[in-house]
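# Commentary on secondary and tertiary structure
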Amino acid sequence: MINALRGMKDLTFEESQRFVHIITTAVSIAKRYGYGYIETPILEETALFKRSVGESSDIVGKEMYQFEDKGGNDVCMRPEGTAGVVRAFISAKLDRQPQKFKFYYYGPMFRYERPQKGRLRQFHQFGCESFAEASVYEDFTMISMIKDIFDALGIGYTLQINSLGCPECMPPYRENLVSFLTDIKEELCEDCNRRISTNPIRVLDCKNERCQSLLSSSPKLIHNLCESCDTDFAKLKALLDQADIAYEVDTNLVRGLDYYSKSAFEFVSSEIGAQSAIAGGGRYDRLVEFLDGRATPAVGFAIGIERIMGLVKLPEIGREGIYLGAMIPEAIDTLFPIAQQKRKEQKVTVEYNKKSLKAHLKGADKAGAKIAAVIGEDELKNGTIWIKDLESKEEQTLPLEAF
Ligand code: HAM
């Protein structure tokens, strides 16, 4: 027997219903915020992710589904959606247009991580990317959109925010941090030691308890922001306060992708175990330029669909449609055209196999039908059909033309 690969899942029955419910809810809210759908390829040149997500990130350094295709190209299954959307934005020369562009997307992402609860190798994201809007109101709007989606799905969360500074305030802070980290180097874990030279900001995010306690006295970027970043961060907090959206400022929130500047945020759930991030995002004002487009400010987010699947309350779906059953094989030719006709307006389930009335009613119940309609020997002879309304329990026999 051939099984699905480790860390990759089939979605069926209730899970697939949850998946569809999440996507339709998120899409309808994104449309209300003026977002249009974008679809980009799953496979991209590896260089795209190296240059955007960053060579020193775990995603690029350890987790890429990377291979050489038959033409000898170095390609990669996308580990996230932003890089591809930015590439598409530049390819279509939208960076040269005066308008603002807002895109939503959803689809599979691939990260070769160690699978565990809430961590898959193929998972799905719903994401939004907003281009050419530099105002911090847009950062707030992103958070507000995620809040609307989670509220509509009945999901509880905690919001964490931070500012990652800009090219003016980040480099002097980084220098400051590196000198602090170098002094405590011997006591930090192996990963942190490697990161001091490759990506010192990621040290703040280390999950090792000993490192975290040593880092409690590290310099914080939030206290070293330039005037513009400081003003924007204060405005973001004020907007969240005004909208009554609760948040925590987490000075260690650095995100696992290198393209962020200024606002960064994560939504976490306390109900799903260690992999608690259910959405993440932030501003990435330099990425378009970095991928050879015209400098364009941008901000976005992505929600992890599998992480919220168990938290969603599915709306009650009432009985709908018709179940058609043949009690004798000869009735099938009469039932079949009825099914084809009725399908033009409603859900129809057909059972061709000969079954007792009791078994047909059980089948209709299982199919969630409102009406069970059965043709047996008597009905076939008389040109009628026996019907039961499974809600009102009313039963009747009708001439076929009247059904
Ligand atoms: P991210 O934080 O890497 O951000 O991923 C977003 C969400 O995807 C996470 O919060 C989590 O719910 C889910 N996720 C990540 N890895 C896995 C996994 N292995 N298994 C299951 N779920 C996972 C990004 O990807 C950015 N592109 C978000 C963004 C958009 N920033 C700006 N625009």
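Summary of the structure given here. Everything quoted here is computed from the prediction, not taken from an experiment.

The subject of this paragraph is the nonpolar core. One finds Phe-126, Phe-131, Phe-150 and Phe-301 to be the most contacted residues of the largest nonpolar core, which totals 98 residues. Residue contacts for Phe-150: discarding those within four places in its chain leaves Ile-155, Tyr-157, Phe-267, Ile-278, Ala-279, Ile-303 and Ile-308. Core analysis: the next-biggest nonpolar cluster, separate from the first, contains 16 residues, Ile-322, Ile-328, Ile-375 and Leu-398 among them.

The subject of this paragraph is the packing of helix H2 (residues 46-54) against helix H4 (residues 82-91). With their axes 9 Å apart at the nearest point, H2 and H4 run at an angle of 110° to one another. For the element pair H2 / H4, the angle class is roughly perpendicular. Between H2, through Leu-48, Phe-49 and Ser-52, and H4, the contact on the second element is made entirely by Ala-83, Gly-84 and Arg-87. By residue class, the composition of the contact of H2 with H4 is 3 nonpolar, 2 polar and 1 charged.

Our focus in this paragraph is the site of the ligand. Glu-80, Glu-113, Glu-129, Tyr-260 and Ala-277 are the nearest of the 25 residues found near the ligand. In the model, a nitrogen atom of the ligand is placed 2.9 Å from a nitrogen or oxygen of the Thr-82 side chain. Here a nitrogen atom of the ligand and a backbone polar atom of Leu-120 are 2.8 Å apart. Look at the ligand: alone it shows 660 Å² of surface, and the protein chains cover 96% of it. Where the shell around the ligand is concerned, the elements lending two or more residues are strand S6 (122-131), strand S10 (277-283) and strand S11 (298-304).

Moving on, we get to unusual backbone geometry. If you check the backbone angles, Arg-255 has positive phi at about 70° while not being a glycine. Looking at the element boundaries, Arg-255 is found in the loop between strand S8 (248-249) and strand S9 (261-268). The phi dihedral of Asp-292 is positive, around 75°, even though this residue is not glycine. With respect to the secondary-structure elements, Asp-292 resides in the loop between helix H10 (287-290) and S11. Here Asp-292 falls in the exposed class, since its relative accessible area comes to 59%.

For the rest of this paragraph, the subject is the side chain of Ser-57. Residue position: Ser-57 is located in the loop between H2 and helix H3 (58-62). Classification of Ser-57 as buried rests on a relative accessible area of 1%. Among residues more than four places away in sequence, those in contact with Ser-57 are Gly-256 and Asp-258.

Within the fold, Glu-391 resides in the loop between strand S15 (384-389) and strand S16 (395-399). Judged by its relative accessible area of 47%, Glu-391 is partly exposed. Residues Glu-391 and Gly-282 lie 109 residues apart in sequence; the distance between their C-alpha atoms is 49 Å. Those residues in contact with Glu-391, other than ones at most four positions away along the chain, are Arg-319 and Lys-370.

With that out of the way, let us pick up the pairing of S10. Across the 7 residues that make up S10, a large majority, 6, are buried. The pairing of S9 with S10 spans 6 bridges and is antiparallel. Across the sheet, residue Ala-264 finds its bridge partner in S10, namely Gly-282. As judged from the 5 bridges shared by S10 and S11, these two strands associate in the antiparallel manner. Paired with Gly-281 across the two strands is Phe-301, which belongs to S11.

Here 8 strands make up an open sheet; going across it, the order is S1-S5-S6-S11-S10-S9-S7-S8 and the pairing mixed. In this open sheet, the two edge strands, each paired with only one partner strand, are strand S1 (36-37) and S8. Here S1 runs beside strand S5 (residues 101-110); their pairing, made up of 2 bridges, is parallel. Its bridge partner lying in S5, Gly-36 is registered against Phe-103. Those strands touched by helix H9 (residues 227-242) are strand S7 (158-163), S8 and S9, and its axis lies near 165° from that of S7.

Rules of the game
- Residue numbers here run from 1 along each chain, matching the order of that chain's written sequence.
- Residues qualify for local features only when their pLDDT is at least 70, as the model is predicted, and side-chain atom pairs are given and counted only at 80 or more; totals for whole chains, interfaces and linings, by contrast, use all residues.
- The basis for every side-chain value is the complete set of heavy atoms in the structure, and neither hydrogens nor water enter the calculation.
- Nine residue types can take part in a nonpolar core, namely buried Ala, Val, Leu, Ile, Met, Phe, Trp, Tyr and Cys, and a core is a set of them joined through side-chain atoms within 4.5 Å.
- Each residue's exposure class comes from its accessible area (1.4 Å probe, protein chains only) as a fraction of the maximum for that residue type: buried when under 20%, exposed when over 50%, partly exposed otherwise.
- Here, residues are in contact when the closest pair of their heavy atoms is within 4.5 Å.
- To obtain an axis, a line is fitted to C-alpha atoms, over the contacting stretch when the element is a helix, and the angle between two such axes runs from 0 to 180 degrees between their N-to-C directions.
- For helices the rule is a DSSP run of H or I covering at least 4 residues; for strands it is a run of E covering at least 2, with both sets numbered from the N terminus onward.
- Each angle gets one of four labels, with under 35 degrees taken as roughly parallel, over 145 as roughly antiparallel, 65 to 115 as roughly perpendicular, and the rest as oblique.
- Three categories are distinguished: nonpolar for Ala, Val, Leu, Ile, Met, Phe, Trp, Tyr, Cys and Pro, charged for Asp, Glu, Lys and Arg, and polar for the others, with Gly belonging to the last.
- Residue proximity to a molecule or strand is established when one non-hydrogen atom of the residue lies within 4 Å of it.
- Any N or O atom pair separated by 3.5 Å or less is treated as a polar contact, with the protein-specific requirement of one donor-capable and one acceptor-capable atom, and with residues adjacent in sequence counted only for side-chain atom pairs.
- The method behind every accessible area is Shrake-Rupley, applied with a 1.4 Å probe, and residues are considered shielded solely by the protein chains displayed.
- In this scheme, strands are said to pair when DSSP sees at least two bridges between them.

Note that all results are geometric; they support no functional claim without further evidence.
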